Amino acid sequence: GEDVEQSLFLSVREGDSSVINCTYTDSSSTYLYWYKQEPGAGLQLLTYIFSNMDMKQDQRLTVLLNKKDKHLSLRIADTQTGDSAIYFCAESRTGGGNKLTFGTGTQLKVEL
Amino acid sequence: GAVVSQHPSWVICKSGTSVKIECRSLDFQATTMFWYRQFPKQSLMLMATSNEGSKATYEQGVEKDKFLINHASLTLSTLTVTSAHPEDSSFYICSARVGSLPHEQYFGPGTRLTVT
């Protein structure tokens, strides 16, 4: 079955870059996603990458995909206190009903 | 746009009672809605997929008689936790999908259920 793993916690200083990592096991993943969860708010889709891409950049966010190692990362440049949240990676695959399988979540804490 | 609401945002109930949670897509019609359960410091686990006007499809291990899902309209799905027990205490999140792709899914803010 599918399994998506993340480290539980990351602490960075404001202004530094944050890198959140994710590993997955399903080689048939079609899309890979990064979501942000803040208290009282629904999960927010930050960005996603198609499995035939290596990299995607969107303003302060850079997603890197190593399909061979089944490793996905999210880099947040110039991390701000407002970036403090839980970040989930997720994957979907065609033939899986387009359902999302979420990782365990990484709590990002940004310190002044 | 693409706002999904849930009601209530939190609820406390006694063991043995039933609780209904509503999920609404406020500014779009959703043919498919999803219900997830999230334990503290853990991932979101998909419970069931709900299509308007048809029976929900439950994931393996989810008791359909305990977690009743009704998707009566294109903007409303409800999850009823029947005969609730303390182990049902959790954070329940719904999402609504506007198209057919996974990233066309919008999430509600969640409902915290505590069963005493």
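For clarity, every value in this text was computed on a predicted model and none was experimentally measured.

K.L.:
Before we move on, can you summarise the overall build of chain A with the specific residues and values?
P.N.:
The helix and strand tally for chain A stands at zero helices and 11 strands. Helices and strands in chain A line up, N terminus first, as β-β-β-β-β-β-β-β-β-β-β. Its C-alpha radius of gyration of 13 Å places chain A within 12% of the 13 Å reference for a compact globule of 112 residues. Burial analysis of chain A (112 residues in total) assigns 44% to the buried set. A separation threshold of at least 6 residues defines the contact pool for chain A, and within that pool the share at least 24 residues apart is 56%. About 5,500 Å² of surface is accessible on chain A, with carbon and sulfur atoms providing 47% of the total. Distance between charge centres in chain A, computed from 11 positive and 14 negative side chains, equals 3 Å.

K.L.:
Summarise the state of the cysteines; cite the residues concerned and give the values.
P.N.:
Using the criterion set out here, one finds two disulfides over all chains in the structure. Covalently, Cys22(A) is tied to Cys89(A) through a disulfide, its sulfur atoms 1.9 Å apart. Negative torsions about the S-S bond denote left-handed disulfides, and the value of about 70° found for Cys22(A) with Cys89(A) makes this one right-handed. On the criterion of sequence distance, the pair formed by Cys22(A) in strand E3 (residues 18-24) and Cys89(A) in strand E9 (residues 85-92) is long-range, its members being 67 residues apart. A residue is classified by how much of its surface remains accessible, and Cys89(A), at 1% relative accessible area, is buried. Between Cys23(B) and Cys94(B) runs a disulfide, and the two sulfur atoms are separated by 2.0 Å.

K.L.:
Can you break down the sheet that holds strand E1 (residues 4-7) of chain B residue by residue, with the values?
P.N.:
Within a sheet, each strand pairs with its neighbour through backbone hydrogen bonds, oriented either parallel or antiparallel. All names here are of chain B. Ordered by their spatial adjacency, four strands build an open sheet running E1-E3-E8-E7, and the pairing between neighbours is antiparallel. Across the chains shown, the open sheet's two edge strands, defined by having one partner strand only, are E1 and strand E7 (67-73). The sheet shows a mean angle of 15° between the axes of neighbouring strands, direction not considered. Of the strand pairs in this sheet, strand E3 (residues 19-25) and strand E8 (residues 76-81) are connected by six bridges, and their pairing is antiparallel.

K.L.:
If you had to explain unusual backbone geometry to someone new, which residues and values would you point to?
P.N.:
Residues His7(B) and Pro8(B) are joined by a peptide bond in cis, for which omega reads 0°. Within the secondary structure, Pro8(B) is located in the loop between E1 and strand E2 (10-13). Positive phi is not limited to glycine here, since Lys70(A) has a value of about 55°. Tracing the sequence through the fold places Lys70(A) in the loop between strand E7 (61-66) and strand E8 (71-76).

K.L.:
Give me the lowdown on the packing of aromatic side chains, citing residues and values where you can.
P.N.:
In total, this model carries 14 aromatic pairs over all chains according to the counting rule given. Aromatic pair Phe88(A) and Phe102(A): ring centres 6.2 Å apart, planes at 90°, arrangement edge-to-face. One end of the pair, Phe88(A), is in strand E9; the other, Phe102(A), is in strand E10 (residues 101-102), with 14 residues separating them in the sequence. Like Phe88(A), the residue Phe102(A) is buried in the burial classification. Pairing Tyr36(B) with Phe107(B) gives two aromatic rings, centres 5.7 Å apart and planes at 40°, and the pair type is tilted. Of this pair, Tyr36(B) sits in strand E4 (residues 32-38) while Phe107(B) sits in strand E10 (residues 105-107), and the two are 71 residues apart along the sequence. For the pair Tyr36(B) and Phe107(B), a shared accessibility class is recorded, and that class is buried. Joined through ring pairs, the aromatic side chains of Tyr31(A), Tyr33(A), Tyr35(A), Tyr48(A), Phe50(A), Phe88(A), Phe102(A), Phe34(B), Tyr36(B) and Phe107(B) make up one cluster. Just above the ring of Tyr48(A) sits the side chain of Lys56(A); from NZ or CZ to the centre is 4.4 Å.

Cut-offs used in this document
- Residues numbered from 1 in each chain as written.
- Chains lettered and ligands numbered in written order.
- Predicted model: local features only at pLDDT ≥ 70, side-chain atom pairs only at ≥ 80, totals over all residues.
- Heavy atoms only, no water.
- Helix = DSSP H or I, 4+ residues; strand = E, 2+ residues; numbered from the N terminus.
- Rg over C-alpha atoms; globule rule 2.2 N^0.38 Å.
- Buried < 20%, exposed > 50% of the residue type's maximum accessible area, 1.4 Å probe, protein only.
- Contact = heavy atoms within 4.5 Å.
- Areas by Shrake-Rupley, 256 points an atom, 1.4 Å probe, with all protein chains shown as cover.
- Lys, Arg positive; Asp, Glu negative; His and termini not counted.
- Charge placed at Lys NZ, Arg CZ, Asp CG, Glu CD.
- Disulfide = S-S within 2.5 Å.
- Pairing = 2+ DSSP bridges.
- Axes fitted to C-alpha atoms, helices over the stretch in contact; angles between N-to-C directions.
- Phe/Tyr/Trp six-rings, centres within 6.5 Å; stacked < 30°, edge-to-face > 60°.
- Lys NZ or Arg CZ within 6 Å of the ring centre and 35° of its normal.

That is the geometry; function is a separate question.
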